[in-house]
Amino acid sequence: MRVPLIASVALSVPFAVMAFVTSFASFGSPQQQQKYPWQSGDAPCNEAMTFCWYDVEVVSDPEVTAYGNRWTTQDKDEKGFEWITEVRCVKVSKLCILARNQKVIIGTQTNIDLYRIEEWGKVQIRATGESHFPKGRECEVDTLMLNRVEGSVSMLLAPGPAAATKTCVGIIGKPKTVVYKLEVGPPKF
């Protein structure tokens, strides 16, 4: 809204002063968003629009969205997850939502998991999953990590404080840390 005010003031002054005033109107304007290898053109998304990072350079309420079909791991003892997934992180809400559709014995099941944002930086978001167990008694602590440079989403499953208890070992087995990475891409049904 500064431009109309400057323009109205500029009408009553000589052209040289108007050029000087207009140069200050652009001073302090937002810098252009840094370009990342996964971006398509000047858009904040990849070409398929399956990974988008809308930061303050683009919107007033930053958010990130990602879509994929499979979570893979380099851990040879663990299997990946065949989940149609959407991840959405909203800075103002300090919340990431992971919605997933997975095959079960008699069809499919949709789950929605909530993650509280612990860190929102220029290149990384880190969010911790909600647990059914009281704080300090979790069997497992799940963490989502979104990386702007890579255009990636990872999920870290780590033993919680109570991982070695009989109850937790009965639920999740032997405690171990596993990292899964979302294969970003359009949903396949």
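Preceding this section is the structure that the text describes.
Just so it is clear, the model here is predicted, and its values are computed rather than measured. (Residues numbered from 1 in each chain as written. Predicted model: local features only at pLDDT ≥ 70, side-chain atom pairs only at ≥ 80, totals over all residues. Heavy atoms only, no water.)

Undergrad: Even after reading the chapter, I still don't get the packing of aromatic side chains, so can you show me in this structure?
TA: Aromatic rings in a pair are described by how distant their centres are and how their planes are angled relative to each other. A complete count under the given rule lists 5 aromatic pairs for this structure. A centroid spacing of 6.2 Å and a plane angle of 5° characterise the contact between Tyr36 and Trp38, whose relative ring orientation is stacked. For Tyr36, a relative accessible area of 6% gives the class buried. The rings of Tyr36, Trp38 and Phe51 are connected pair by pair, giving a single aromatic cluster. A cation over a ring is seen here: Arg100 above Trp83, with NZ or CZ 4.3 Å from the ring centre. (Phe/Tyr/Trp six-rings, centres within 6.5 Å; stacked < 30°, edge-to-face > 60°. Buried < 20%, exposed > 50% of the residue type's maximum accessible area, 1.4 Å probe, protein only. Lys NZ or Arg CZ within 6 Å of the ring centre and 35° of its normal.)

Undergrad: What's the story with the nonpolar core in this structure? I'm lost.
TA: One recurring pattern in soluble globular proteins is that nonpolar side chains are buried together. Trp71, Ile125, Leu144, Leu146 and Val153 are the most contacted members of the largest nonpolar core, which has 25 residues in total. The contacts of Trp71, once residues within four sequence positions are left out, are Gly80, Phe81, Trp83, Thr85, Leu98, Leu144, Val153, Ser154, Met155, Tyr180, Lys181 and Leu182. (Core = buried A, V, L, I, M, F, W, Y, C linked by side-chain atoms within 4.5 Å. Contact = heavy atoms within 4.5 Å.)

Undergrad: Please explain unusual backbone geometry as it appears in this structure.
TA: Trans peptide bonds make up most of the peptide bonds, and negative phi angles are found at most residues other than glycine. In the Ramachandran plot, Met49 falls in the positive-phi region, its phi being about 60° despite a non-glycine side chain. For Met49, the location among the structural elements is in the loop between helix H2 (15-26) and strand S1 (51-54). Although it is not a glycine, Lys94 adopts a positive phi angle of roughly 55°. The topology assignment puts Lys94 in the loop between strand S3 (83-90) and strand S4 (95-104). (Helix = DSSP H or I, 4+ residues; strand = E, 2+ residues; numbered from the N terminus.)

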